[in-house]
Amino acid sequence: MNLAPVIGGVTVLTGLFEFSRTYKNRDLIHDSYKLKITISEKYPKVVPVFEELEGKIPRNPDYHVNPDGTFCLGSELRLLKQLADTPDLSSFVDSSLIPYLYAQSHKRMFGSDFVFGELQHGELGIFEDCENLFRLNGKHAVVSALELLGKRRRVANKCICPCGCQRNLSQCCTHNRLNGFRLIMPRTRYKELALSLKYKLNI
Ligand SMILES: [Zn+2]
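Residues numbered from 1 in each chain as written. Predicted model: local features only at pLDDT ≥ 70, side-chain atom pairs only at ≥ 80, totals over all residues. Heavy atoms only, no water.

A.B. asks: Any details on the sheet that holds strand β4 (residues 49–52)? Residues and values, ideally.
C.D. replies: Pairing between the strands of a sheet is mediated by backbone hydrogen bonds and can be parallel or antiparallel. Pairing within the open sheet is antiparallel, and its four strands lie in the order β1-β2-β3-β4. Two strands in the sheet have a free side with no partner beyond their single neighbour: β1 (2–3) and β4. One ladder, built from two bridges, connects β1 with strand β2 (residues 11–21); its direction is antiparallel. Looking at β2, one finds that L3 is bridged to L13. Sheet contacts for helix α2 (residues 89–110): β2, β3 (29–39) and β4; angle to β3, the most-contacted strand, approximately 130 degrees. (Pairing = 2+ DSSP bridges. Helix = DSSP H or I, 4+ residues; strand = E, 2+ residues; numbered from the N terminus. Contact = heavy atoms within 4.5 Å. Axes fitted to C-alpha atoms, helices over the stretch in contact; angles between N-to-C directions.)

Structure (structure tokens):
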């Protein structure tokens with residue numbers, strides 16, 4: 001792939017991206033896509049953006065493509081967590097981009113549904129991701145956890161834990177799990193997420 005001039009701190013790579021991959025018992029797929037990859041100067045605090053340049057992938061939510069043509073690789077929170085755990089780009093490509101392209105090729109070649117964890121779109125997808133990432137169950141627990149992440153750590157520690165243990169957050173292991181998310185997004189983003197989920201989930 002080629003490196004375009006770096007403008008405003010954003011690095012853009014374009015070119016043919018080839019992969020050859022199989023997953024468990026699935027078909028071996030060898031395919032290529034002409035891609036544009038935009039990497040923010042704030043990487044890995046900002047998720048890289050991928051788009052396809054030859055119209056091989058329909059710009060349609062059924063294909064997990066956003067209206068602006070960029071790939072929908074999953075919720076921002078999940079992708080940021082992944083980058084926080086393993087920040088190098090090749091790991092990210094390996095764990096997020098290649099499975100996504102594999103699923104696109106599989107759908108095009110075999111007419112199958114999207115082969116990886118058909119994630120819900122929009123708020124429902126974010127909610128499901130939060131349930132898994134925070135290891136909590138239900139709308140109220142997830143919204144409450146997001147609200148706690150929107151508060152200062154000291155304040156949140158004195159609030160009731162969202163897991164249902166009836167203790168303060170500081171006295172439950174949920175505390176450590178949630179704190180792992182504090183460096184990933186700013187408090188204001190968690191507040192916004194809590195508010196939008198509350199509205200969409202009718203809480
Ligand atoms: Zn708890």
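Past the structure itself, the notes keep going.
A.B. asks: Before we move on, can you summarise the domain arrangement of the chain with the specific residues and values?
C.D. replies: In terms of domains, the chain is made up of domain 1 (2–110) and domain 2 (122–200). If you average the C-alpha positions of domain 1 and of domain 2, the two centres end up 28 Å apart. Listed per partner, the contact involves eight residues of domain 1 and 11 residues of domain 2. Together, the buried faces of domain 1 and domain 2 total about 850 Å²; carbon and sulfur atoms form 70% of this surface. (Domains from an automatic or database assignment. Buried area = accessible area lost by both parts, 1.4 Å probe.)

A.B. asks: Can you explain the side chain of S96? Please cite residues and give values.
C.D. replies: With respect to the secondary-structure elements, S96 resides in helix α2. One polar contact links S96 to Q82, side chain to side chain, over a distance of 2.7 Å. In contact with S96, other than residues within four places in its own chain, are L73, L79 and Q82. (Polar contact = N/O pair within 3.5 Å; in protein donor to acceptor, adjacent residues only side chain to side chain.)

A.B. asks: Account for the coordination of the zinc ion, with residues named and values stated.
C.D. replies: At 2.3 Å from the zinc ion lie its protein donor atoms, namely C161 (SG), C163 (SG), C165 (SG) and C172 (SG). Classification of the site at the zinc ion rests on its four donor atoms, whose angles at the metal span 104 to 115 degrees, yielding the label tetrahedral. Accessibility expressed as a relative area gives 4% for C161, which makes it buried. (Donors = N, O, S within 2.8 Å, 3.2 Å for Na, K, Ca; no water. Tetrahedral: all angles 85-135°; square planar, octahedral: opposite > 155°, others 65-115°. Buried < 20%, exposed > 50% of the residue type's maximum accessible area, 1.4 Å probe, protein only.)

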